[in-house]
Structure formats: C-alpha cells, structure tokens
Amino acid sequence: MSTDKPARTLKLNPGAPKKPADPFAPRRAPVRPPGPARAKSVSASAPKPPREALPGEAPRRARPEGERTARPRPPAPPPQRQPHRPDLARVGNVRGEIRLNKRMADLGLCSRREADEWIARGWVKVNGQPAVMGQPVPADAHIEVAPQARHQQSGQVTILLHKPVGYVSGQPEDGHEAAATLIGAPSQWRGDARMPGDGRRFAPEHTRGLAPAGRLDIDSTGLLVLTQDGRVARTLIGEHSGVEKEYLVRVQYAPNGPQGAGVVAQNVQAALAPSQLALLRHGLSLDGQPLKPAQVEWQNPEQLRFVLIEGKKRQIRRMCEQVGLHVVGLKRIRIGGVLLGNLPVGQWRYLGSDERF
C-alpha cells in the first residue's frame, strides 16, 4: 500500500475578489511616474537683483556672482615698541660704578633689600634726581634719603634673646620650634624696664620680619640677636663682618669619639697636647677653606674660651673634633660690645640705645 500523497497544485483565479488590505501592514511610498523636471525653489541665499540708484546717487558696482561682502575692518594698530634700555649694571661695571643698593649698604644707610624698597617708593635721589632700580652710581655720587625712610627705619627693633637648648635659630625644622616663638610680652625680661631700649614697650608688630643675625645650633645656648634692621644684620653677618663672638665651651678629651675608649672628662687640659691647642688657634680648615685665626684659651681644666670673627656651621664643634675634643656644652656670651649678662634663659630684651655691636 502506497503512502505517497498526491502533489498539491496552486490554482489561480483571476476573477476572484481581492482580500481587504491589512490596515497595520507597512505602506510603501508611491512611485512617482517619470515626468518633466521640477523647478528648484529659490533659497534665501540666492543673490538679489541690484537696487536701482536714486536720483543724484552714483551707480553701484555690480558684484560678481559668488563674491562675498564683508564689512571693512579698522586697520590694526602698529605694535608698540618698548624703549631701549641698556643693562644698567653692565654699563655701570664698564664705568667702574656699582649698584645703588650696594652703595647705600656700604655707606651704612640700610640693607640692600631695604634700599630696593626705598627706591621703589621714590624715597631715594641721586645727585638730585629720582633713583632707578638697579642704577649704577659712582663713588662720589650724592645720595639723599627721604624723611619717610628714616621714620620707617627708626621703628625697627633689635632683640637680644637667651636661646635655650632645643630651639633652632631660623625657621622651624625637624619638629623643633624657632627661637622667635619665644618673643612675647610674658617672656620679656623684667630688668629691661630698668634699662629699656629707647623706652620701647612690646607690640605685636615687633615680631614681624624678625631675622636671626648669626645662628646658634640647636644644642647650643646663649646670646641670639633677632632684628628687623638690615644695618644690624649686615654688621653682624655681612660679607666683610669682623665682629667678635665669644663662647664658653665645655669639652671632654675623646680621641676615639665620645663613645670610644680613652674618654677623659676631668682635667681635660692636662690630656690635650699644647700643639693641639695651637691648632685650634690657627691652622685648621673646614669645607676645604682655612679658618681665620681665633683666640682659644683655658678658662678651667674642663672649659675653653673661644673668640671668633667668623661663623661657619657648627664651627667650634667641628674644630674640636679635629684635635680629639668632644663638646658637651656651648654658650655664647658676647657679640661685639653687647654682653649676654644676667639675661635669664628663655627671656629677651631690647637692644639699648647706648649699645653697639
């Protein structure tokens, strides 16, 4: 018995009625039959016909097709040329002159920074003419300073502090406070009232701009000068300063270092050879430069007295190390003609009007 089904044939009935169109089926765009070309619409950017000239008006030039019209721009101003100004310092060097700020500092009028400030404010004249920043001047130039500058300078203070151990002279570092933080009304020495510096009373503005004029390392104590006056700073730490600084230094003899063998803490004077003491006075070098002669002598068997006219970093400690000594205490007691005296540790006073470094 065969299971094959007969093939189905598709019958077309052209006369049968069409099925209604599906209203939800997508519609095609109608195909437009070919015909004559449509006219292009005139856009707003198309050129407009030229305007007829009015009576008495010159006819306008016909603009070629495609030419754009632009409003005429005003001509750019010519670049301004800076006036030629030669290098004043170089010209001054050729003539053998020096900068005005250095000349004023050399005359002791003020510091270089202070001179620049005065020049900028118009407080300085050279040979009757207003000074210019960086101006070179001859040695015989007549320099005038306005009274405003003198008044400003007279308000500057210089403070003498007995710095304790553990404070740094300059900016705070390694968690240690600056010595300037000790300056205030509670820590002013009571004895300052009996010999005041120009009769001044403490004011908050006296702590502004205070700078150390000569340093004491963190492990040292004694006289520290803090000043707002550039003249004082130049006198004490200037390039050609020759002001004496006096120290009392307690030492041990430690030829193998402070933790090594052979340390002598008593009667150190007997342990140190005279030739080594002579080297402390003259003959040593630091940082590849020979040191200036110093005064060094025994105050007692364990304490030396140093008088220096220079101030390299940790100079006395490094000098002592070169001859087998270890410093266990260092105190500065004098700077020039100003003594530490009986100023207590951690207290301060004003520099007296009759005191000179």
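Residues numbered from 1 in each chain as written. Predicted model: local features only at pLDDT ≥ 70, side-chain atom pairs only at ≥ 80, totals over all residues. Heavy atoms only, no water.

Colleague: Can you lay out the packing of helix 3 (residues 112-120) against helix 4 (residues 147-154) for me, pointing to particular residues and giving the numbers?
Modeller: One way to put it is that helix 3 packs onto helix 4 with a least axis distance of 11 Å and a crossing angle of 140°. When the axes of helix 3 and helix 4 are compared, the pair comes out oblique. Between helix 3 and helix 4 the crossing geometry is right-handed. Of helix 4, the residues touching helix 3 (which contributes Glu114, Glu117 and Trp118) are Ala149, Gln152 and Gln153. Within the contact of helix 3 with helix 4, the residues separate by chemical class into 2 nonpolar, 2 polar and 2 charged. (Axes fitted to C-alpha atoms, helices over the stretch in contact; angles between N-to-C directions. Helix = DSSP H or I, 4+ residues; strand = E, 2+ residues; numbered from the N terminus. Parallel < 35°, antiparallel > 145°, perpendicular 65-115°, else oblique. Left-handed = near helix turned anticlockwise from the far one by under 90°. Contact = heavy atoms within 4.5 Å. Nonpolar A, V, L, I, M, F, W, Y, C, P; charged D, E, K, R; others polar.)

Colleague: Give a detailed account of the packing of aromatic side chains, specifying residues and quantitative values.
Modeller: Tallied over the entire structure, the rule returns 2 aromatic pairs. Taken together, a centroid distance of 5.0 Å and an interplanar angle of 90° make the contact between Trp348 and Tyr350 edge-to-face. Residue classification places Tyr350 among the buried positions, given a relative accessible area of 1%. Ring pairing ties together the aromatic residues Phe202, Trp348 and Tyr350, which thus form one cluster. (Phe/Tyr/Trp six-rings, centres within 6.5 Å; stacked < 30°, edge-to-face > 60°. Buried < 20%, exposed > 50% of the residue type's maximum accessible area, 1.4 Å probe, protein only.)

Colleague: Report on the confidence of the model for the protein, specifying residues and quantitative values.
Modeller: A residue-level look at the protein finds 72% of positions with pLDDT of 70 or above and a mean pLDDT of 82. Averaged pLDDT values for the elements of the protein fall to 54 in helix 1 (residues 88-94) and rise to 98 in strand 13 (residues 303-308). Ignoring residues within four places in sequence, the model shows residues 82-86, a span with pLDDT below 50, making 3 contacts including any to other chains. (pLDDT = per-residue confidence, 0-100.)

Colleague: Could you give an account of the side chain of His206, naming the residues involved and the relevant values?
Modeller: Relative to the helices and strands, His206 is located in the loop between strand 6 (158-163) and strand 7 (211-212). Exposure remark for His206: the relative accessible area of 9% places this residue in the buried category. Polar contacts involving the side chain of His206 include one to the side chain of Tyr350, which spans 2.7 Å. Those residues in contact with His206 that sit more than four places away from it in its chain are Val157, Ile159, Arg200, Arg201, Gln228 and Tyr350. (Polar contact = N/O pair within 3.5 Å; in protein donor to acceptor, adjacent residues only side chain to side chain.)

Colleague: Describe the pattern of salt bridges, listing the residues and the values that go with them.
Modeller: If you walk through the whole model with that rule in mind, you get 11 salt bridges. The salt bridge involving Arg121 is made with Glu117; its shortest N-O contact spans 3.3 Å. Between Arg231 and Asp229 there is a salt bridge whose closest N-O contact spans 2.8 Å. The class for Asp229 is buried, based on a relative accessible area of 8%. (Salt bridge = Lys/Arg side-chain N within 4 Å of Asp/Glu carboxyl O.)

Colleague: Mind laying out empty space enclosed by the protein, listing which residues take part and the relevant values?
Modeller: Scanning all chains against the criterion turns up 1 cavity of 30 Å³ or more. By volume, the largest cavity amounts to about 30 Å³. The wall of the largest cavity is formed by Leu279, Leu280, Arg281, His282, Gly283, Leu284, Leu291, Lys292, Ala294 and Met319. Top contributing element to the lining of the largest cavity by residue count: helix 7 (residues 274-281), with 3 residues. (1 Å grid on protein atoms, 1.4 Å probe; cavity = no way out; pocket = protein on both sides within 12 Å on 5 of 7 lines; lining within 4 Å. Points joined across faces, edges and corners; volume = space filled by probe spheres on them.)

Colleague: Describe the pairing of strand 12 (residues 295-300), and please don't skip the residues or the numbers.
Modeller: Sheet analysis places strand 12 next to strand 13, joined by 5 bridges and oriented antiparallel. By the bridge assignment for strand 13, Glu297 is matched with Arg305. The hairpin turn running from strand 12 into strand 13, its antiparallel successor, is 2 residues long. (Pairing = 2+ DSSP bridges.)

Colleague: Quick one: what's the story with the sheet that holds strand 5 (residues 143-145), residue by residue and with numbers?
Modeller: Strand order in the open sheet formed by 3 strands is 3-2-5, with antiparallel pairing between adjacent strands. Looking at strand neighbours, the two that pair on one side only are strand 3 (129-130) and strand 5, the edges of this open sheet. Two strands pair when backbone bridges link them, and strand 2 (residues 124-126) and strand 3 are joined in this way by 2 bridges, in the antiparallel orientation. Paired with Val126 across the two strands is Gln129, which belongs to strand 3.

Colleague: So what's going on with the nonpolar core? Which residues, and what values?
Modeller: In this structure, Val251, Leu280, Leu304, Phe306 and Leu325 are the most contacted members of the largest nonpolar core, which totals 24 residues. Going through the elements one at a time, strand 9 (245-253), helix 7, strand 12, strand 13, helix 8 (315-322) and strand 14 (325-335) are the ones with two or more residues in this core. Leaving out residues up to four positions away in the same chain, Leu280 has contacts with Ala294, Val296, Leu304, Phe306, Met319, Cys320, Val323 and Leu325. By size, the runner-up hydrophobic cluster in this structure holds 17 residues, among which are Ala131, Val137, Ile143 and Val145. (Core = buried A, V, L, I, M, F, W, Y, C linked by side-chain atoms within 4.5 Å.)

Colleague: Go over unusual backbone geometry with me, naming the residues and quoting the values.
Modeller: With phi around 55°, Asn267 is a residue other than glycine that occupies positive phi space. A positive phi is found at Asp287, a non-glycine position, where the angle reads about 55°. Here Asp287 lies in the loop between strand 10 (285-286) and strand 11 (289-290).

Colleague: Can you lay out the environment of Ala233 for me, pointing to particular residues and giving the numbers?
Modeller: Along the polypeptide, Ala233 turns up in helix 5 (residues 230-237). Spatially, the C-alpha atom of Ala233 lies 8.1 Å from that of Ser111, the residues being 122 residues apart in sequence. Once residues lying within four places of it in the same chain are set aside, the contact partners of Ala233 are Ala213, Thr227 and Gly238.

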